[in-house]
Amino acid sequence: MNVLSTYGIAVAGARYDSMLESYVWNSSGSRHDMDTLAKKYLGFDTLRYEDVAGKGAKQIPFAQIEVQRATDYAAEDADVTLRLHRELWPKLDADPKLQSVFETIEMPLVPVLARMEQTGVLIDVDKLKTQGQEIGRRLLDLQQRAFELAGRHFSLDSPKQLQQLLYDELKLPVTQKTPTGQPSTNEEALEALADLHELPRLVLEYRMLAKLRSTYTDKLAEHVNPRTGRVHTSYHQAVAATGRLSSNEPNLQNIPIRTEEGRRIRQAFVAPPGFKILAADYSQIELRIMAHLSSDTGLLAAFHGNQDIHRATAAEVFGLPPDQVDSNQRRAAKAINFGLMYGMSAFGLARQLGIERAQAQEYMRRYFERYPGVQAFMTATREQAHRDGFVETLFGRRLYLTEINSRNQGLRAGAERAAINAPMQGTAADIIKRAMILVDAWLPSLDGAARMIMQVHDELVFEVREDRLDAIGAGVRERMMAAANLNVPMIVDVGVGANWDEAH
């Protein structure tokens, strides 16, 4: 669709897609590229691009390939696509839920994503350049401080040198090991050491800034299309097992929002003259889905009463009136609310809150005592996963859990955690996809006054003409709220600004 659009040709009426058929049938069963699927379902080894064009420095442009060879390659793609469809479609057609996911969510989303990719987003390259220079100066300062703390020079980018410094010289305790048995210097290991010594915290900050610079401030400008002056990411439907979209070249979904540096990068995502950036995101959507799926009366009442859900949970867990809950108790309740959704154990909660395991266990006991519907839902979900080998979203999307009955306790526990989280995360993914389809169908009636330019998890981002902001914001909110019918209100927060950061 995107290739043909550059020649003024709009593809309409696409009905099937073999990649998406495979993805809906079993999102985690294999990769969904044509070569892998041809081998898996047809027992057929396809002709690869390197086979006809060569590899590396010897690779030639497709236009220079001998016509018969190029024909064989291209015609095989068309043939294999049809053969895969004939193999996969009957599987979906025989299952009404999966057929519905394909026909009402995944397939209608294809032209929506194509339009978003073609539209792209405007980037203030000068602002990014300035930010990159500032981050460079901060990295040098951090490096100097690290040398002072270590008493010598070393490479902050070398896990081996860091391992030697932290564990051999500074004698810090080993909390994690690599698969080869070496003391780990990954993020989790450094977080565990950060309260014992200043250096691990400093290395974490250094890594975060270095990643921002290498991924965004230095790289985003390289992705600006010279023809359009905009950045055009690629959205991928068939990657995340839970149904979430991902993006790359560049990845727009991992820009941190909780750090000042991440927010400053978002300031470089700007609106053209006469327009503003409008961002609309679902508020606490996964917790609301948890309330819907568990039918827990306490959670339902909190959301229907438009209460601060973390304060309401803290009040229940600590046995206090909501107005007496302090910030630490609310923080603990927030960790419980989100942690349980991701299958967190008492050990994990204790580590996150910096408390004893017994205390974390007591918090969880009180939580389940106050919200028995949540515990019943989690138990039933685990049982379904063990019985069926998969769990489902509200709309019937399946997530298969290959390790759910594994003899390895660690693998089995990981699969159980995924089983609890997948219905929430997968349903949230389905809802925003349905919202995108509804919004996209409405946009042509606005005569170019609004364009959908990004999707990031639970958020949609638009360019909207300044004189139409209120009406279009209301229209976006209305359609996003209509994307699902839950037993709790769906709240959509809408913000507006000259750039993406201001719109939050």
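Check the entry above for the structure.
Residues numbered from 1 in each chain as written. Predicted model: local features only at pLDDT ≥ 70, side-chain atom pairs only at ≥ 80, totals over all residues. Heavy atoms only, no water.

Engineer: Just checking my understanding: could you explain the sheet that holds strand 5 (residues 269-270) for this structure?
Structural biologist: Two pairing modes exist for strands in a sheet, parallel and antiparallel, and in both the strands are linked by backbone hydrogen bonds. The sheet built from 3 strands is open, its strands ordered 2-1-5 with antiparallel pairing. Looking along the sheet, the strands with just one partner apiece sit at the ends: strand 2 (230-231) and strand 5. Pairing geometry for strand 1 (residues 121-123) and strand 2, over 2 bridges, is antiparallel. Pairing of Val-121 across the sheet is with Val-231, part of strand 2. (Pairing = 2+ DSSP bridges. Helix = DSSP H or I, 4+ residues; strand = E, 2+ residues; numbered from the N terminus.)

Engineer: Is there a simple way to think about the packing of helix 3 (residues 34-42) against helix 5 (residues 67-93) in this case?
Structural biologist: For any two helices packed against each other, the geometry is given by the interaxial angle and the distance between the axes. Orientation of helix 3 relative to helix 5, taken along the N-to-C sense of each, is 55°, at an axis distance of 10 Å. Classified by the angle between their axes, helix 3 and helix 5 sit oblique to one another. Regarding helix 3 and helix 5, the two cross each other, and that crossing is left-handed. Contacts from Met-34, Leu-37, Ala-38, Tyr-41 and Leu-42 of helix 3 reach helix 5 at Asp-77, Val-80, Thr-81, Arg-83, Leu-84, Glu-87, Leu-88 and Lys-91. Among the residues forming the contact of helix 3 with helix 5, the class breakdown is 8 nonpolar, 1 polar and 4 charged. (Axes fitted to C-alpha atoms, helices over the stretch in contact; angles between N-to-C directions. Parallel < 35°, antiparallel > 145°, perpendicular 65-115°, else oblique. Left-handed = near helix turned anticlockwise from the far one by under 90°. Contact = heavy atoms within 4.5 Å. Nonpolar A, V, L, I, M, F, W, Y, C, P; charged D, E, K, R; others polar.)

Engineer: Would you take a moment to explain the packing of helix 6 (residues 96-119) against helix 19 (residues 409-442) for this structure?
Structural biologist: Relative to each other, helix 6 and helix 19 sit at 60°, their axes nearing to 9 Å. The angle between helix 6 and helix 19 places the two elements in the oblique class. Considering the relative orientation of helix 6 and helix 19, their crossing is left-handed. Along its contact with helix 6, which presents Thr-104, Ile-105, Glu-106, Pro-108, Leu-109, Val-112, Leu-113, Arg-115 and Met-116, the element helix 19 presents Asp-430, Lys-433, Arg-434, Met-436, Ile-437 and Asp-440. When its residues are assigned to classes, the contact of helix 6 with helix 19 shows 8 nonpolar, 1 polar and 6 charged.

Engineer: What should I look at first to understand the pattern of salt bridges in this one?
Structural biologist: As enumerated under the stated definition, the model contains 32 salt bridges in all. One salt bridge in this structure joins Arg-244 and Glu-286, with 3.7 Å as the shortest N-O distance. Of this pair, Arg-244 sits in the loop between strand 3 (234-236) and strand 4 (246-248) while Glu-286 is found in helix 12 (residues 285-294), placing the two residues 42 residues apart along the sequence. Judged by relative accessible area, which is 22%, Arg-244 ranks as partly exposed. For Glu-286, a relative accessible area of 7% translates into the label buried. Beyond isolated ion pairs, a larger network of salt bridges with shared partners links Glu-316, Glu-362, Arg-365, Arg-366, Glu-369 and Arg-370. (Salt bridge = Lys/Arg side-chain N within 4 Å of Asp/Glu carboxyl O. Buried < 20%, exposed > 50% of the residue type's maximum accessible area, 1.4 Å probe, protein only.)

Engineer: Explain the environment of Gln-237 to me, please; I cannot follow it from the model alone.
Structural biologist: Here Gln-237 lies in the loop between strand 3 and strand 4. By relative accessible area, which is 10% here, Gln-237 ends up buried. With residues up to four places along the chain from it excluded, the contact list for Gln-237 reads Leu-20, Tyr-23, Glu-106, Leu-109, Val-110, Leu-113 and Leu-245. Looking at Gln-237, its side chain comes within polar contact range of the side chain of Glu-106, at 2.7 Å. (Polar contact = N/O pair within 3.5 Å; in protein donor to acceptor, adjacent residues only side chain to side chain.)

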